[in-house]
Amino acid sequence: MTPPEIHRVTTLDLKVRPFTWPFAAERHGEIDAHFAEKRREKPDLWNGRVLLGRNSVRSEERLAADYFETDFACFLAWRDWGFPDARVFNGFGMGALQSSDGAFLLGEMADHTSNAGRIYFPAGTPDPDDVRDGRFDVAGSIMREISEETGLDEADYIMDRHWTCVFTGPSIAMIRILRTDMTGEALQARVEANLAREKKPELRAVHLVRTRTDIVPAMPRFVTAFLEAQLSG
């Protein structure tokens, strides 16, 4: 498995175009059966529409790609079966909330989600609600996920100008640091209070990361690569 590649860019050009995905068309029967099994395990899974990427091109300051619409069942099968179509990638935005004293806040996914127990920055699989003027609006997607998962709104943080893109083959995490004026403990307490008010929150816990020793195996490679790069500076 190749190590993650990290590139810093200022521009994302992610056009949404019609595309018939051969994987989805050719294996729809297997995909339906796989999703039915997953639904038996986790009844809250919903087969909504999502966006996946292809044809990525990166230059010194720019990342471009085409996105297409499919359903969550196809995405889940593609992921669970080891990414059999290597021409496609899962490209998503992540908001790296950073406190005034340098801590990063991450969320631990709840049991009813498809990534239960994994520890991420607030993020989500892109969907058609994230499309603006024919493009995947990554910043808008991040703001929506931050609001849904933590209860914070755009007045609570300032977005960095740059994107840190972490490439791991089948995924591209487009991460933007969101700086807050709260200390790590205050930020954590505020998000925990919001989770306590929700009937079925997407997160079951939140964690602060200040040093490399705070990084745990439940964090995916793209998260640990980003944190290691930030914490080594």
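Preceding this section is the structure that the text describes.
Residues numbered from 1 in each chain as written. Predicted model: local features only at pLDDT ≥ 70, side-chain atom pairs only at ≥ 80, totals over all residues. Heavy atoms only, no water.

## Focus: the overall build of the protein
For the protein, the helix and strand inventory stands at 6 helices and 13 strands. By the compact-globule yardstick of 17 Å for 233 residues, the protein fits well, its C-alpha radius of gyration being 17 Å. By its C-alpha atoms, the protein is 50 × 45 × 35 Å across when sized along the principal axes. Taken over 233 residues, the protein has a buried fraction of 48%. (Helix = DSSP H or I, 4+ residues; strand = E, 2+ residues; numbered from the N terminus. Rg over C-alpha atoms; globule rule 2.2 N^0.38 Å. Buried < 20%, exposed > 50% of the residue type's maximum accessible area, 1.4 Å probe, protein only.)

## Let's talk about the side chain of Glu 108
Within the secondary structure, Glu 108 sits in strand S6 (residues 104-109). At 2.7 Å, the side chain of Glu 108 forms a polar contact with the side chain of Arg 204. The contacts of Glu 108, once residues within four sequence positions are left out, are Gly 117, Arg 118, Ile 119, Glu 202, Leu 203, Arg 204, Ala 205 and His 207. (Polar contact = N/O pair within 3.5 Å; in protein donor to acceptor, adjacent residues only side chain to side chain. Contact = heavy atoms within 4.5 Å.)

## Some words on the environment of Ala 205
Following the sequence through the fold, Ala 205 ends up in strand S13 (residues 203-209). Residues Ala 205 and Leu 97 lie 108 residues apart in sequence; the distance between their C-alpha atoms is 15 Å.

## Focus on the nonpolar core
Core analysis: the largest hydrophobic core is formed by 52 residues, its most contacted members being Met 94, Phe 121, Met 174, Val 223, Phe 226 and Leu 227. When residues of this core are assigned to their parent elements, the largest contribution, 6 residues, is made by strand S12 (residues 171-179). Apart from the residues lying within four places of it in its own chain, the contact partners of Leu 227 are Phe 104, Leu 106, Phe 121, Val 209, Ile 215 and Met 219. If you look at the next biggest cluster of nonpolar residues, it comprises 17 residues, including Ala 24, Val 50, Ala 73 and Ala 77. (Core = buried A, V, L, I, M, F, W, Y, C linked by side-chain atoms within 4.5 Å.)

## Here we look at the pattern of salt bridges
For side chains of opposite charge, pairing can occur when their charged atoms come near one another. Tallied over the entire structure, the rule returns 23 salt bridges. With a closest N to O distance of 3.5 Å, Glu 145 and Arg 144 form a salt bridge. When its relative accessible area of 5% is taken as the criterion, Glu 145 is described as buried. The structure contains a network of salt bridges with shared partners spanning Asp 127, Asp 130, Arg 144, Glu 145 and Glu 148. (Salt bridge = Lys/Arg side-chain N within 4 Å of Asp/Glu carboxyl O.)

## Thoughts on helix H2 (residues 28-41)
A rise of 1.5 Å per residue sets the reference length of H2, with its 14 residues, at 20 Å; its end C-alpha atoms lie 20 Å apart and thus fit the reference within 8%. Among all positions in H2, only Ile 31, His 34 and Phe 35 are buried. Seen along its axis, H2 keeps its buried residues to an arc of 95 degrees; they face one direction. Packing partners of the buried residues in H2 comprise helix H1 (22-26) and helix H3 (72-80). (Expected span 1.5 Å × (residues − 1). Arc of directions from axis to C-beta.)

## Regarding the environment of Glu 26
Among the structural elements, Glu 26 can be located in helix H1. Spatially, the C-alpha atoms of Glu 26 and Glu 41 are 25 Å apart, while their sequence positions differ by 15 residues.

## Topic: the packing of H2 against H3
Viewed as axis vectors pointing N to C, H2 and H3 meet at an angle of 90 degrees, and their least axial separation amounts to 9 Å. By the angle class used here, H2 and H3 are roughly perpendicular. From H2, Ile 31, His 34, Phe 35 and Lys 38 reach across to H3, where they touch Phe 72, Ala 73, Cys 74, Leu 76, Ala 77 and Asp 80. Classifying every residue of the contact of H2 with H3 by side-chain character gives 7 nonpolar, 1 polar and 2 charged. (Axes fitted to C-alpha atoms, helices over the stretch in contact; angles between N-to-C directions. Parallel < 35°, antiparallel > 145°, perpendicular 65-115°, else oblique. Nonpolar A, V, L, I, M, F, W, Y, C, P; charged D, E, K, R; others polar.)

## Quick look at the packing of aromatic side chains
Counted by the stated rule, this structure contains 16 aromatic pairs. With centroids separated by 5.1 Å and ring planes inclined at 55 degrees, the aromatic side chains of Tyr 67 and Phe 136 adopt a geometry described as tilted. With a gap of 69 residues between them, Tyr 67 in strand S4 (residues 62-71) and Phe 136 in strand S9 (residues 135-136) connect regions that are remote in the sequence. Accessibility classification places Tyr 67 together with Phe 136 in one group, the buried group. Every member of this aromatic cluster is reached through a ring pair, and the members are Phe 19, Trp 21, Phe 23, Phe 35, Phe 68, Phe 72, Phe 75, Trp 78, Trp 81 and Phe 83. One residue, Arg 54, lies across the ring of Phe 19, its end atom 3.7 Å from the ring centre. (Phe/Tyr/Trp six-rings, centres within 6.5 Å; stacked < 30°, edge-to-face > 60°. Lys NZ or Arg CZ within 6 Å of the ring centre and 35° of its normal.)

## Brief notes about the side chain of Asp 127
Its place among the elements puts Asp 127 in the loop between strand S7 (119-120) and strand S8 (131-132). Among the residues examined, Asp 127 registers a relative accessible area of 16% and is labelled buried. Among all residues touching Asp 127, those that are not within four sequence positions of it are Arg 49, Val 50, Leu 51 and Arg 144.

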